[in-house]
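# Reading the structure
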Amino acid sequence: MQVGLGLLVLVVVLLTTGTVTVSLAFALFGFALPYAQVRRLAAKRQADLREVWPEVVDNLSSAVRAGMSLPEALAALGTRGPEVLRPPFTRFAADYRSSGRFSEGLDRLKDDLADPVGDRIVETLRVAREVGGTDLGRVLRTLATFLREDARARAELETRQGWVVSAARLAVAAPWVVLLLLATQSTTLSAYDTPLGTVILLGGGAVCLVAYRLMLRIGRLPQDVRVLQ
């Protein structure tokens, strides 16, 4: 998809402007667009999961207090849990019914969820299953409280971070929009097909990329990492 979109942008801009150097520059933007979209969807999924994990932990805590076994509590999330997380728990229920192996089912569930909070929950249940204990309900309630507070604080910080990200994107996009507007003036664009024009485009692209990445790094919020894979 990246290659196809890059070639499409290259052809369209080349037919529009007749300038090879400018066409290649915008073809690079087209090439990077699918990757940026996947990153955006991954961040959106992580944000969506951050909102529903407390509900998952509450359901598990309620099931444990009601006397359900841990496999039953996890399998029940396939029908009673948040909509976005039902498929992984439904597959866990099917795996457990077919094999009866709780530990292996937890490993597959972790791979399916691919989330740091999911790893913590799964390992907590694994320890409770293997060594027992009466504090599982209290641990789950404490985890739910922590997750809610973390989601609330992160939502406020992300709102402020959005200003920084929007400003960075606007600052990077502005000169390239101006360059695209110059496509109506062939005499101006022909200057970019010269060696000096190519150097200017390459230098401008490098400066924009470094400045954009630097601003994102300065304003980036710390992310949970999967340490219990």
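Up top is the structure these notes are about.
One structure accompanies this document, and this report is about it. Being a predicted model, the structure only gives us computed values, none of them experimental.

Mapped onto the secondary structure, Lys 110 falls in helix H5 (residues 102-113). Sequence separation between Lys 110 and Val 122 is 12 residues; the distance between their C-alpha atoms is 7.0 Å.

Running from amino to carboxyl end, H5 crosses helix H6 (residues 116-131) at an angle of 170 degrees, the nearest separation of the two axes being 9 Å. When the axes of H5 and H6 are compared, the pair comes out roughly antiparallel. Listed contacts from H6 to Phe 102, Ser 103, Leu 106, Asp 107, Leu 109, Lys 110 and Leu 113 of H5 are Gly 118, Asp 119, Val 122, Glu 123, Leu 125, Arg 126 and Arg 129. Of the residues contributing to the contact of H5 with H6, the split by class is 6 nonpolar, 2 polar and 6 charged.

Turning our eyes to something else, we now look at the nonpolar core. Nonpolar side chains tend to gather and get buried jointly when the protein is soluble and globular. Counting 28 residues, the largest nonpolar core has Trp 53, Leu 60, Leu 74, Leu 85, Phe 89 and Ile 121 as its most contacted members. Of all the secondary structure elements, the ones that give two or more residues to this core are helix H2 (20-65), helix H3 (70-80), helix H4 (86-99), H5, H6 and helix H7 (136-181). Top contributing element to this core by residue count: H2, with 7 residues. Contacts of Leu 74, omitting those with residues within four sequence positions, involve Leu 60, Phe 89, Phe 92, Phe 102, Leu 106, Leu 109 and Leu 125. Grouped together as the second largest cluster of nonpolar side chains are 9 residues, Ala 25, Phe 26, Leu 179 and Leu 201 included.

Another point: H6. In a regular helix each residue adds 1.5 Å, so 16 residues correspond to 22 Å; H6 covers 23 Å between its end C-alpha atoms and thus fits that length. Considering only its buried residues, H6 is in contact with H2, H3, H5 and H7. Its side-chain oxygen placed 3.0 Å from the backbone nitrogen of Val 117, Asp 115 serves as the N-cap of H6.

How each quantity is defined
Residues numbered from 1 in each chain as written. Predicted model: local features only at pLDDT ≥ 70, side-chain atom pairs only at ≥ 80, totals over all residues. Heavy atoms only, no water. Helix = DSSP H or I, 4+ residues; strand = E, 2+ residues; numbered from the N terminus. Axes fitted to C-alpha atoms, helices over the stretch in contact; angles between N-to-C directions. Parallel < 35°, antiparallel > 145°, perpendicular 65-115°, else oblique. Contact = heavy atoms within 4.5 Å. Nonpolar A, V, L, I, M, F, W, Y, C, P; charged D, E, K, R; others polar. Core = buried A, V, L, I, M, F, W, Y, C linked by side-chain atoms within 4.5 Å. Buried < 20%, exposed > 50% of the residue type's maximum accessible area, 1.4 Å probe, protein only. Expected span 1.5 Å × (residues − 1). Polar contact = N/O pair within 3.5 Å; in protein donor to acceptor, adjacent residues only side chain to side chain.

So, to be careful, I would describe these as geometric facts and stop short of saying anything about function.
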